[in-house]
Amino acid sequence: MSESIPGAAELQAATNEFMRRMTQGLAVLANVRDVTIGSVAKDAVFKEDKLTLYRYRPSEVVAPDLRVRTPLLICYALVNRPYMMDLQADRSLIRGLVQRGVDVYLIDWGYPDGADRYLGLEDYVLRYLPHCVDFVRRASGHEQINLLGVCQGGTMSLCYAALHPQRLKNLITMVTPVDFQTPDNLLTKWAKHVDVDALVATTGNVSGEMLNALFVSVMPFRLNSQKYVDLLDQLNEPNVDAAALENFLRMEKWIFDSPDQPGETFRQFLTLFVKENRLMQGTLRIGGRAVDLKQIAMPLLNIYALQDHLVPPAASKPMQQLVGSGDYSTHEFQGGHIGIYVSGTAQRQIPDKIAGWLRDRDSR
Amino acid sequence: MTEENKGPGNGAGDWIHAWVEQQREQLRRAATPGAQSTDKANDKASGAEQPAADAMKDLGMRWLEASQSYLQAWSGAALAGEGATRQFTDLLARMPSLGLAREQTEIWRELTAAQAECQALEQELRAVWTRVQSDALGLVEKMIRERKSEPGINNYRELYDLWVECGEKVFAQVAHSESYAKLQAQVGNAAIKLRARQQAVIERGLKHFDLPTRSELNTVHKQMRELRERIATLEAQLADQLDNGRERGEG
């Protein structure tokens, strides 16, 4: 830059200082050790194809009369990995639930590969999920169990609950969309003109990397650049918070550890739920069976996040009008799609809310 | 040369006729075992032996010379009329594929077309992103002007954060527009089309070497899934029958 341009020297100095801080941050980052994931001991109790069902070991310090007797099965989304539910000791919905006497099971869908490209929604909603529910019913001796669905897993749980209402005692949905065409839903707008049939016919499974690129491109300046500049900048502080840095890296791992989506399931989900909004219209059919959400008569707790940019509250709120439950409650969380699991506020609020709500309905 | 064997052209097409004769001569030499040039024939007549390898080399050299002369002729023509050549190429590209290489030509032609379409759309999308960045800079300037009374930008980091804020603001407006959604999807669809064409070319190559292709694997996976579904249905029916049998006290 020419010295004759006014301010050129100052800009050069400011740029140099910025770059010095970034470089210093990189040097600190280079010395960080690998992060570990998970905090609650668990056992694999059932396997089918790539699916593994885990049971978390109950806490021994909870008094028997404070325990929730009916077991809770968590159905996570196919997008991303379910260890978000138990990321680390101080960021763990599952730990919070176990400590409050809830008997927790979790479905890990695994990493689908090329052999799974023809798995459809019917395989997940009418085969895998029912098998897990039936396993928990048999193992616990309860005719009915509690089901908690997360995000896309919540949508699948709603479908399951509508088709098998007699097997569930209570249903909880977290950041779960039912209306996929709200005006603030950017991903739906983008999906509108995508030829999903050609996509799946050509790629087979839909790669997790491609989906990550899509999610990141929703806020490209912040998610591709600023969050890393923030990190490097913070690493210049005299007392670098090692735990905060590890938290960041753990979250990075989770965000980008994305399984591929089975092609046929992705095609059906994008077509039936997103493009045609059939859950909202009441015209959804899975495996030839009509999904009538009015069949969901069991108590239902719907938890959504007010700053969720992936599943805006408006996408979740209409659930109340769609289901047939006479005991419908909501919980609004002040935070985003991820913060609802990992923020400090979430640790204080969400496990309490869920365990309390379940306990209130446990003996009914 | 007599009038009868002058061939096509009858005077005006002499060069064509000469070319035909040249080809004939080449073919005659190649097809006649032991056929030699006048010199070689003389050598033979004089009793000199020529190993078979030399004969082959000789033949190869003649082909090489001939092809070089063709190439020179073509490149000369190309230099002389580049525009005409391009027109001819365009014409060829639009012609239906013919002959033995028809299928090969077709898949490569489709691949080329898909690549061109994809590149054009990508360029269009890049232009939109460039515009977003340019507009973001404009907004940065505007916001700094409006901030005059407030504390200004004190360091590079603050400027960077303002740029991010402006960038997201401008991008959000663009990203929510119907035209952007359409363009982004068009780019994605074109990329998928290109990938499909690449797969077609690769699969053709794999088949040539009798190697398994993704299409064949797809057929197998589809059949496996259907078989598993049928087994699950049969198992469920069997379980129902067993349950009914127990209820009737048969088991």
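Residues numbered from 1 in each chain as written. Chains lettered and ligands numbered in written order. Predicted model: local features only at pLDDT ≥ 70, side-chain atom pairs only at ≥ 80, totals over all residues.

## Considerations on the interface of chain A and chain B
In step 1: Each partner contributes to the interface: chain A provides 26 residues, whereas chain B provides 24 residues.
In step 2: Elements with a minimum of two residues in the side of chain A that touches chain B: helix H1 (8-29), helix H5 (186-191), helix H6 (196-203) and helix H8 (220-234) of chain A.
In step 3: The element that contributes the greatest number of residues to the side of chain A that touches chain B is H8(A), accounting for 7 residues. (Contact = placed C-beta atoms within 7 Å. Helix = DSSP H or I, 4+ residues; strand = E, 2+ residues; numbered from the N terminus.)

## Examining H1(A)
For an α-helix, the turn length of 3.6 residues means that residues three or four places apart are oriented alike.
In step 1: Along its 22 residues, H1(A) runs 31 Å from first to last C-alpha, staying within 8% of the 32 Å computed at 1.5 Å per residue.
In step 2: H1(A) sits mainly on the outside: 1 of its 22 residues count as buried. (Expected span 1.5 Å × (residues − 1). Buried ≥ 20, exposed ≤ 12 C-beta atoms within 10 Å, placed from the backbone.)

## Focus: the packing of helix H5 (residues 102-146) of chain B against helix H6 (residues 156-175) of chain B
Relative placement of two packed helices is described by the angle separating their axes and the distance separating the axes.
Residues and elements named next belong to chain B.
In step 1: For the pair H5 and H6, interaxial distance at closest approach is 8 Å and the crossing angle is 130°. Relative to H6, H5 is oriented oblique. Crossing hand, H5 versus H6: right-handed. Residue-level contacts link Val128, Val132, Gln133, Asp135, Ala136, Leu139, Val140 and Met143 of H5 to Leu162, Trp163, Cys166, Gly167, Lys169, Val170, Phe171 and Val174 of H6.
In step 2: Of the residues that constitute the contact of H5 with H6, the class distribution is 12 nonpolar, 2 polar and 2 charged. (Axes fitted to C-alpha atoms, helices over the stretch in contact; angles between N-to-C directions. Parallel < 35°, antiparallel > 145°, perpendicular 65-115°, else oblique. Left-handed = near helix turned anticlockwise from the far one by under 90°. Nonpolar A, V, L, I, M, F, W, Y, C, P; charged D, E, K, R; others polar.)

## Regarding the confidence of the model for chain B
Residues and elements named next belong to chain B.
In step 1: Taken residue by residue, chain B gives an average pLDDT of 77. The fraction at 70 or more is 63%.
In step 2: Mean pLDDT across the secondary structure elements of chain B bottoms out at helix H2 (residues 38-45), with 47, and peaks at helix H7 (residues 178-208), with 95.
In step 3: A low-confidence stretch, residues 36-49 (pLDDT under 50), is modelled with 5 contacts involving residues beyond four sequence positions or located in other chains.
In step 4: With a pTM of 0.80, the predicted complex shows an ipTM of 0.86. (pLDDT = per-residue confidence, 0-100.)

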